[in-house]
Amino acid sequence: MSTTDHDQLLGQVRDRYAAAAISVNDRTAASCCENSCCDVDAGEGFGAALYTLDDQAELPDAARLASLGCGNPTAVAALRDGETVLDLGSGGGIDVLLSARRVGPTGKVYGLDMTDEMLHLARRNADAAGATNVEFLKGRIEAIPLPDASVDVIISNCVINLSVDKPAVLAEMHRVLRPGGRIGISDVVAEDRLSPAQRQERGSYVGCIAGALSRSEYRDGLAAVGFDDIAIEFTHQVADGLHGAIVRTSKPRPR
Ligand SMILES: C[S@@+](CC[C@H](N)C(=O)[O-])C[C@H]1O[C@@H](n2cnc3c(N)ncnc32)[C@H](O)[C@@H]1O
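Worth saying up front: this structure is predicted, and the values here are computed from it rather than measured.

A. Highlighting helix H9 (residues 215-224). The complete set of buried residues in H9 reads Tyr 218, Gly 221 and Leu 222. The buried residues of H9 occupy one face: seen down the axis, they fall within an arc of 95°. Of the exposed residues in H9, those oriented more than 90 degrees away from the buried face are Asp 220 and Ala 224. Its buried side turned inward, H9 meets helix H7 (166-176), strand S5 (177-190), strand S6 (213-214), strand S7 (228-239) and strand S8 (242-250). Just beyond H9, the residue with positive phi is Gly 226, at close to 115°.

B. Local environment of the site of the ligand. Near the ligand lie 23 residues; those nearest to it are Leu 68, Gly 89, Asp 113, Thr 115 and Ile 141. Here the ligand, which alone exposes 590 Å², has 99% of that area covered by the protein. When grouped by side-chain class, the residues that make up the shell around the ligand number 11 nonpolar, 8 polar and 4 charged.

C. Structural view of the packing of aromatic side chains. According to the stated counting rule, one finds 0 aromatic pairs in the structure shown. One cation-aromatic arrangement involves Arg 215 over Phe 234; the distance from NZ or CZ to the ring centre is 4.0 Å.

D. The arrangement of the pairing of strand S4 (residues 151-157) in detail. Burial within S4 is extensive, with 7 of its 7 residues counted as buried. Summarising the sheet, strand S1 (residues 84-88) and S4 pair through 4 bridges and their orientation is parallel. The residue bridging Leu 88 from the neighbouring strand is Ser 156, located in S4. Of the strand pairs in this sheet, S4 and S5 are connected by 6 bridges, and their pairing is parallel. Bridge assignment links Ile 154 to a residue of S5, and that residue is Ile 183. With H7 bridging S4 and its parallel neighbour S5, the resulting β-α-β unit is right-handed.

E. Representation of H7. The buried count for H7 comes to 8 of 11 residues, which makes it a mostly enclosed element. Of the positions making up H7, those classed as buried are Lys 166, Ala 168, Val 169, Leu 170, Glu 172, Met 173, His 174 and Val 176. For H7, the elements touching its buried residues are S1, S4, S5, S6 and H9.

F. Representation of unusual backbone geometry within the structure. Backbone geometry places Ala 149, a non-glycine residue, at a positive phi of 50°. For Cys 158, which is not glycine, the phi torsion reads 65° and is therefore positive. By secondary structure assignment, the location of Cys 158 is in the loop between S4 and H7.

G. Representation of the pattern of salt bridges in the model. Under the defined criterion, the tally for this structure stands at 17 salt bridges. With its nearest N and O atoms 3.4 Å apart, the salt bridge here joins Arg 102 to Glu 58. Separated by 44 residues along the polypeptide, Arg 102 in helix H5 (residues 94-103) and Glu 58 in the loop between helix H2 (53-57) and helix H3 (61-65) bring together distant segments of the chain. Given the relative accessible area of 23%, Glu 58 is considered partly exposed. The residue Glu 142 makes a salt bridge to Arg 140 at a minimum N-O spacing of 3.2 Å.

Conventions adopted
- Residues numbered from 1 in each chain as written.
- Predicted model: local features only at pLDDT ≥ 70, side-chain atom pairs only at ≥ 80, totals over all residues.
- Heavy atoms only, no water.
- Buried < 20%, exposed > 50% of the residue type's maximum accessible area, 1.4 Å probe, protein only.
- Helix = DSSP H or I, 4+ residues; strand = E, 2+ residues; numbered from the N terminus.
- Arc of directions from axis to C-beta.
- Contact = heavy atoms within 4.5 Å.
- Near = heavy atom within 4 Å.
- Areas by Shrake-Rupley, 256 points an atom, 1.4 Å probe, with all protein chains shown as cover.
- Nonpolar A, V, L, I, M, F, W, Y, C, P; charged D, E, K, R; others polar.
- Phe/Tyr/Trp six-rings, centres within 6.5 Å; stacked < 30°, edge-to-face > 60°.
- Lys NZ or Arg CZ within 6 Å of the ring centre and 35° of its normal.
- Pairing = 2+ DSSP bridges.
- Right-handed = clockwise from strand over helix to strand, strands pointing away.
- Salt bridge = Lys/Arg side-chain N within 4 Å of Asp/Glu carboxyl O.

Any functional reading would require information that these geometric values do not contain.
Pasting the structure below:
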């Protein structure tokens, strides 16, 4: 893919999710024109319905309605008191707010997003929730604005498929995690039988389908930057051969 193609896709992703953030103010739920940001309006594979009712009850309405994910990464990451958590592509802040409760006042949760409108919505939701142990950072997940080895847990919900430079994202995750740190990600993942062209036939890039990695590509990419104990589990189908999936792995401690 050329740099121009990268820049065009990045612009489309930013525009789509800016529109989704604005729609939370104007309507009752995040939604994108043409049904094409992680496709909440289209079916059951995306959005707040993937959270338990108890989780949903912990959240301000606008955070719940802004949910555009494909799973519940906070449920798989087993967060503990005092941990530092980073949410890649934090959107309206749903997983940041749920994580903030899990890590308690001695913990800290960072949300990272590149879209101003999403950051504005997330900060407003954090105020409404009275969350004091959260911070939303502006930036790209391909260049995380945090120091080396500064985070215990990385979560992310339906964002890595949108990146135009996935090897950079995986390398950055490894850099900012402490040795022994872990990852719990929800993402759209393709079956190995689907070529990149077949993924494109099944849905758009901004709709979280065309840019999905296959299970083997995900596993190989994580292993290539040094992750260990990699597990990728399909949870629900979102298109023919494409699934909501949970990706778990950890950064080895030095021997
Ligand atoms: C599908 S939404 C998911 C939002 C949130 N994780 C959730 O579950 O509701 C994708 C989010 O990732 C952000 N995003 C997409 N690509 C990004 C990138 N390369 N760097 C930073 N943020 C990105 C978008 O602005 C948007 O807020």
